[in-house]
Amino acid sequence: MSQYRTFTAADAVEYAKKFGGVDDPSALVSAEEIGDGNLNLVFKIFDNQGRSRVVVKQALPYVRCVGESWPLTLDRARLEAQTLVEHYKHCPEHTVNVTHYDADLAVMVMEDLSSHRIWRGELVKGAYYPEAGRQLGEYLAQTLFHTSDFYLHPHKKKAEVARFINPEMCEITEDLFFNDPFTDHERNKYPAALESLVVSLRTDDVLKIAVAGLKHRFFADAEALLHGDVHSGSIFVADGSLKVIDAEFGYFGPIGFDVGSAIGNLLINYCCLPGLLPPREAAEGRERRLSDAHEVWTQFSSRFLELAHAKTSDVALAYPGYAEAFLRKVWSDTIGYCGTELIRRTVGMSHVADFKQIADDTMRTECIRSCITLGRTLILAADHIADVDALIARIRQAG
Ligand code: SR1
Ligand code: MG
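Just so you know, these numbers come straight off a predicted model, no measurement behind them.

S.K.: Tell me what's going on with the sheet that holds strand β8 (residues 117–118), and back it up with residues and numbers.
M.R.: What the 3 strands build is an open sheet, ordered β8-β10-β11; its pairing is antiparallel. Bordering the open sheet on either side are β8 and β11 (241–244), each of which pairs with just one other strand. Here β8 runs beside strand β10 (residues 235–238); their pairing, made up of 2 bridges, is antiparallel. Bridge pairing in β10 places I118 opposite F236.

Next comes the structure, spelled out in structure tokens:
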């Protein structure tokens, strides 16, 4: 029988004493629940000197931001822990270190990242981390290459695809990205002034066929072990450091989904900065976001190619020119999925601080309008944007 029970702060301290891996467990005395995401409980565990030492994270049997009316698998804790452990093997520099997990309690223990801050909060304030784009590109290249058919033996790859089957979490993405915003769904939430723009998404045949293609590839293209939810709220930054957390959506899917989600969140910030900062700072921040997005793609693609040239084991995939051809497919997927992230974060239910924190209603509406419009442009143009410089030019053109 399952031993699952929802942790109190005291339970989290007791758990950290047993499984936290600290030298002096009896010094652990208190916990603070700091979870501000949509799904889980997250406890920071403090010692008797008031220092935070480890983090205990527990999956709830339902979607936290909605309540018990939306039940959700506890197996996501296993999937999250195993995805992070796998990614840590290939990119320890940029993946949070999970040191212990327990499938029955849906709990994991991980390193404390108190010296870091959530990137989204920093982007909203206009803070700049010049290395973050490159570091995120490196994380994506290392984790996605080393879990792909370029690197894994075909038997191992198939076993890994089976280990990371994640139907319930994938279903959330399938619904929230590819269905809800393009239908009249009760979960959608957007400013009333944008009704006609949003309705136009539902009746645009070319757009809906492009979105169907993206959803189909999300169902079918088991290219690599994705993080599955790479947004700026799943990334901690500090000077010279970046760490990715929160991988409960991990599964084998199209590489462009992770890269596109990452770039999409930078572009959401780009669209929202005029509502968050005074004009000069906003303009400067927007240039930095374009440069971050450029860095993510440039670092990801150049490192992925380097790895493919040096380490591809399969004789057919190693044929000169194939990795480059594959990356062209990843590039158009990246632009398409980036577009769906812009639309689902604004029209759908999963809103983000970048626009929630805009104080002025009219300005907020205009920033959301530019996110939706850019998202649509990118989905429609995904096969026609040659490279990252052409992408940046398109974004500037969109205004
Ligand atoms: C019901 S969960 C909504 C969203 O929160 C998570 O962070 C994912 O982004 C998901 O799509
Ligand atoms: Mg998350």
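S.K.: Account for the sheet that holds strand β3 (residues 52–59), with residues named and values stated.
M.R.: Spatially, the 5 strands line up as an open sheet ordered β1-β2-β3-β7-β6, and their pairing is antiparallel. Taken across any chain shown, the strands that pair with only one partner, and hence form the sheet edges, are β1 (28–33) and β6 (98–102). The mean angle between the axes of side-by-side strands here comes to 25°, regardless of whether they run parallel or antiparallel. The strands touched by helix α1 (residues 9–19) within the sheet are β1, β2 (40–47), β3, β6 and β7 (107–111), with β1 carrying the most contacts at an inclination of about 130°. Strands β2, β3, β6 and β7 of the sheet are contacted by helix α2 (residues 75–90), whose axis makes an angle of about 155° with β6.

S.K.: Summarise the pattern of salt bridges; cite the residues concerned and give the values.
M.R.: Taken as a whole and judged by the stated rule, the model has 34 salt bridges. Here R369 makes a salt bridge to E366, at a shortest N to O gap of 2.9 Å. Highlighted residues: R369 and E366, both in helix α13 (residues 361–381), separated by 3 residues, approximately one helical turn.

S.K.: Give me the lowdown on the packing of helix α4 (residues 132–146) against helix α10 (residues 279–311), citing residues and values where you can.
M.R.: Where α4 meets α10, the closest approach of the two axes is 7 Å, and the angle between their N-to-C directions is 35°. Between α4 and α10 lies a crossing of right-handed hand. Taking contact as the criterion, the partners of G133, R134, L136, G137, E138, L140, A141, Q142, L144, F145 and H146 in α4 are, on α10, D292, E295, V296, Q299, F300, R303, F304, L307, A308 and K311. Here the contact of α4 with α10 is built from residues that sort into 10 nonpolar, 5 polar and 6 charged.

S.K.: With reference to specific residues and values, describe the packing of aromatic side chains.
M.R.: On inspection of all chains with the given rule, the structure shows 21 aromatic pairs. Seen in terms of ring centroids, F150 and F304 are 5.6 Å apart; in terms of plane orientation they differ by 85°. Their pairing is edge-to-face. Of this pair, F150 sits in the loop between α4 and α5 (154–163) while F304 is found in helix α10, placing the two residues 154 residues apart along the sequence. Judged on exposure class, the residue F150 and its partner F304 are both buried. Where F178 meets Y337, the ring centres are 6.1 Å apart and the plane angle is 70°; that geometry is what we call edge-to-face. With a gap of 159 residues between them, F178 in helix α6 (residues 167–178) and Y337 in helix α11 (residues 322–346) connect regions that are remote in the sequence. Through a chain of ring-to-ring contacts, the aromatic side chains of F145, F150, Y151, W297, F300, F304, Y322, F326 and W331 assemble into a single cluster.

Reading the values: the criteria
Residues numbered from 1 in each chain as written. Chains lettered and ligands numbered in written order. Predicted model: local features only at pLDDT ≥ 70, side-chain atom pairs only at ≥ 80, totals over all residues. Heavy atoms only, no water. Pairing = 2+ DSSP bridges. Helix = DSSP H or I, 4+ residues; strand = E, 2+ residues; numbered from the N terminus. Axes fitted to C-alpha atoms, helices over the stretch in contact; angles between N-to-C directions. Contact = heavy atoms within 4.5 Å. Salt bridge = Lys/Arg side-chain N within 4 Å of Asp/Glu carboxyl O. Left-handed = near helix turned anticlockwise from the far one by under 90°. Nonpolar A, V, L, I, M, F, W, Y, C, P; charged D, E, K, R; others polar. Phe/Tyr/Trp six-rings, centres within 6.5 Å; stacked < 30°, edge-to-face > 60°. Buried < 20%, exposed > 50% of the residue type's maximum accessible area, 1.4 Å probe, protein only.

Keep in mind that these numbers describe shape and distance, not what the molecule does.
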